[in-house]
Amino acid sequence: MSENWKRCTKAVHGGTRRSQYGELSEAIFLTQGFDYPNAEAAEARFEQAGPDEFIYARYGNPTVAMFEDRIAGLEGMEAAFATASGMAAVNGALTALVAAGDHVVAARALFGSCLYILEEILPRFGVEVTFVDGTDLDQWRAAIRLGTRLVVFEAVSNPTLEVIDTRAVADIAHAAGALVVVDNVFTTPVFSRAVEMGADLVVYSATKHIDGQGRCLGGVILGPRDIVRGPVETYMKHTGGAISPFNAWIMLKGLETLDLRVRAQTRGARILAQALEGRAGLARVLYPGLTSHPQHALFPQGGTVFSIDVAGGQAAAFRFLNALKIWKISNNLGDAKSIITHPATTTHQRLPEAAKTHLGITPGLLRLSVGLEDPQDLLDDLERALQRV
Ligand SMILES: *Cc1c(COP(=O)(O)O)cnc(C)c1O
């Protein structure tokens, strides 16, 4: 029945498991273990646990299972494994599926820790990784070869907000027999059409929009049952990247309001990006929701994040940051509070200068994650700060 529900109904009711008390709000099962009725039941459960049978919280827990089933339903994927953080999800999805001698192709514009896994960790274990410019399909065609195991990219890149054509890349990957792994943080489950576009696995940092109030870390790996309940689950349950039941509960409740929040934040981002485009003092405004964006057609909704390039480089960008009153200088995104980040000196500080230049991370670039404040207040704050520059 729940498969036919529309997204907002699934977000509120999907995956619910009730205890004998019939609690309306989902319970937090803050337990690492489970009491078996007898020795035979324990043996049977270790042999093959049913969907509502649990063994140990590193493997699964009722609250965690509610979050997994709810987000799998929203994303239109068969199965999900929830993880301690977004990075545990990225690491699990990649490491569970490769072995020495395998070949992986990845887009170069990646979240720093994702880049570390692909550039430093996997090659140490004999996995060959080729990097490409994600928006250039010819580079994908040249790099993906028969026997390539995984193709990995962020659907929308951070912080320059380039949008990758998931369907086109997936077609190239599938022709070579590769699996497509998409990090979908910027698209969010609200706007994601990753399954329709041919993604095999989707990973989210739930820390971002799914919590949406900056409280805790979490992540999730979504995909076909035979992969998620097969190699991914086996890898995750033995390596310890499980999410805490409490954090899973925060994420589960976050899903109930995700659609409302993300649409309101996206509306704010659109208002601000449109108001700032072409403004004196700004060299660029990057937002997929603007018709001027080169990949506007691939993500017309635009999402909750945009970037600006302050003319005058780092000194001007710092003056701008330090003049803001409502916007918080921090590095999370998708939060109810609007957050502004200077990637060149924080999240991307360690990248060599040449790599920053190549990725468009200029000294004046600022990434803005729009929260739930009134867009007019946010715009007034930005305009006041621009005058200080
Ligand atoms: C934040 C983020 C991650 C990592 O998530 P954590 O929850 O911080 O571990 C991975 N990929 C992208 C695109 C992100 O924005």
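Looking at an unreviewed UniProt entry, one finds the chain named O-succinylhomoserine sulfhydrylase, with Rhodovulum imhoffii as its source organism. Checking UniProt for the chain, the heading Catalytic activity (unreviewed entry) contains the comment "O-succinyl-L-homoserine + hydrogen sulfide = L-homocysteine + succinate". Under the heading Subunit (unreviewed entry), UniProt records this for the chain: "Homotetramer."

Below, the discussion takes up the site of the ligand. As a matter of local geometry, the ligand sits amid S85, G86, M87, F111, C114, E154, D183, V185, S205, T207, K208 and G218. S205 is positioned such that a nitrogen or oxygen atom in its side chain is 2.8 Å from an oxygen atom of the ligand. K208 places a polar side-chain atom, nitrogen or oxygen, 2.6 Å from an oxygen atom of the ligand. Alone, the ligand offers 380 Å² of accessible surface; in the complex the protein occludes 92% of this. Residue classes in the shell around the ligand are distributed as 4 nonpolar, 5 polar and 3 charged.

This part takes up the environment of L137. If you trace the backbone, L137 turns up in helix α6 (residues 137-143). Classification of L137 by relative accessible area gives partly exposed; the value is 24%. When the C-alpha atoms of L137 and D165 are compared, they prove to be 8.4 Å apart, with 28 residues separating the residues in sequence.

Here 5 strands make up an open sheet; going across it, the order is β8-β9-β12-β11-β10 and the pairing mixed. At either end of the open sheet lies a strand with only one pairing partner, and these are β8 (282-286) and β10 (328-329). Pairing of strand β11 (residues 339-341) with strand β12 (residues 365-369), which is carried by 3 bridges, proceeds in the antiparallel orientation. Counted as the bridge partner of T341 is R367 from β12. Where helix α11 (residues 313-323) meets the sheet, its contacts fall on β9 (305-310), β10, β11 and β12, and the angle it forms with β9 comes to roughly 125°.

What follows deals with the domain arrangement of the chain. One can read the domain layout of the chain as domain 1 (7-255) and domain 2 (259-386). For domain 1 versus domain 2, the distance between C-alpha centres works out to 27 Å. At the junction of the two partners, domain 1 supplies 31 residues and domain 2 supplies 31 residues. Summing both partners gives a buried area of about 2600 Å² for domain 1 against domain 2, and 64% of it is carried by carbon and sulfur. Broken down residue by residue, the surface that domain 1 buries against domain 2 is led by P159, F191 and H209, which jointly contribute 25%. At the junction of domain 1 with domain 2, the criterion picks out 0 salt bridges. Counting across the domain 1 and domain 2 interface gives 12 residue pairs in polar contact (both at pLDDT 80 or more).

Turning next to the packing of helix α3 (residues 62-75) against helix α10 (residues 245-276). It is at 8 Å that the axes of α3 and α10 come closest, and there the two elements cross at 35°. Where α3 crosses over α10, the two elements pack in a sense that is left-handed. Listed contacts from α10 to T63, V64, M66, F67, R70, I71 and L74 of α3 are P245, A248, W249, M251, L252, L255 and E256.

A separate point is the side chain of Q265. Looking at where Q265 falls in the secondary structure, it is placed in helix α10. Here D335 takes part through its backbone oxygen, which lies 3.2 Å from a polar atom of the side chain of Q265. A distance of 2.9 Å separates a polar atom in the side chain of Q265 from the backbone oxygen of V370. In contact with Q265, not counting residues within four places along its chain, are T304, G334, D335, V370, G371 and L372.

Attention shifts here to the pattern of salt bridges. Under the counting rule described, the total for this entry stands at 19 salt bridges. Residue K253 is joined to E256 by a salt bridge in which the shortest nitrogen-to-oxygen separation is 3.2 Å. One end of the pair, K253, and the other, E256, are both in helix α10, 3 residues apart, so they sit about a helical turn from each other. You can call E256 partly exposed: its relative accessible area is 27%.

Rules used in this analysis
- Residues numbered from 1 in each chain as written.
- Predicted model: local features only at pLDDT ≥ 70, side-chain atom pairs only at ≥ 80, totals over all residues.
- Heavy atoms only, no water.
- UniProt positions renumbered as here; feature names shortened; annotations may be inferred.
- Near = heavy atom within 4 Å.
- Polar contact = N/O pair within 3.5 Å; in protein donor to acceptor, adjacent residues only side chain to side chain.
- Areas by Shrake-Rupley, 256 points an atom, 1.4 Å probe, with all protein chains shown as cover.
- Nonpolar A, V, L, I, M, F, W, Y, C, P; charged D, E, K, R; others polar.
- Helix = DSSP H or I, 4+ residues; strand = E, 2+ residues; numbered from the N terminus.
- Buried < 20%, exposed > 50% of the residue type's maximum accessible area, 1.4 Å probe, protein only.
- Pairing = 2+ DSSP bridges.
- Contact = heavy atoms within 4.5 Å.
- Axes fitted to C-alpha atoms, helices over the stretch in contact; angles between N-to-C directions.
- Domains from an automatic or database assignment.
- Buried area = accessible area lost by both parts, 1.4 Å probe.
- Salt bridge = Lys/Arg side-chain N within 4 Å of Asp/Glu carboxyl O.
- Left-handed = near helix turned anticlockwise from the far one by under 90°.

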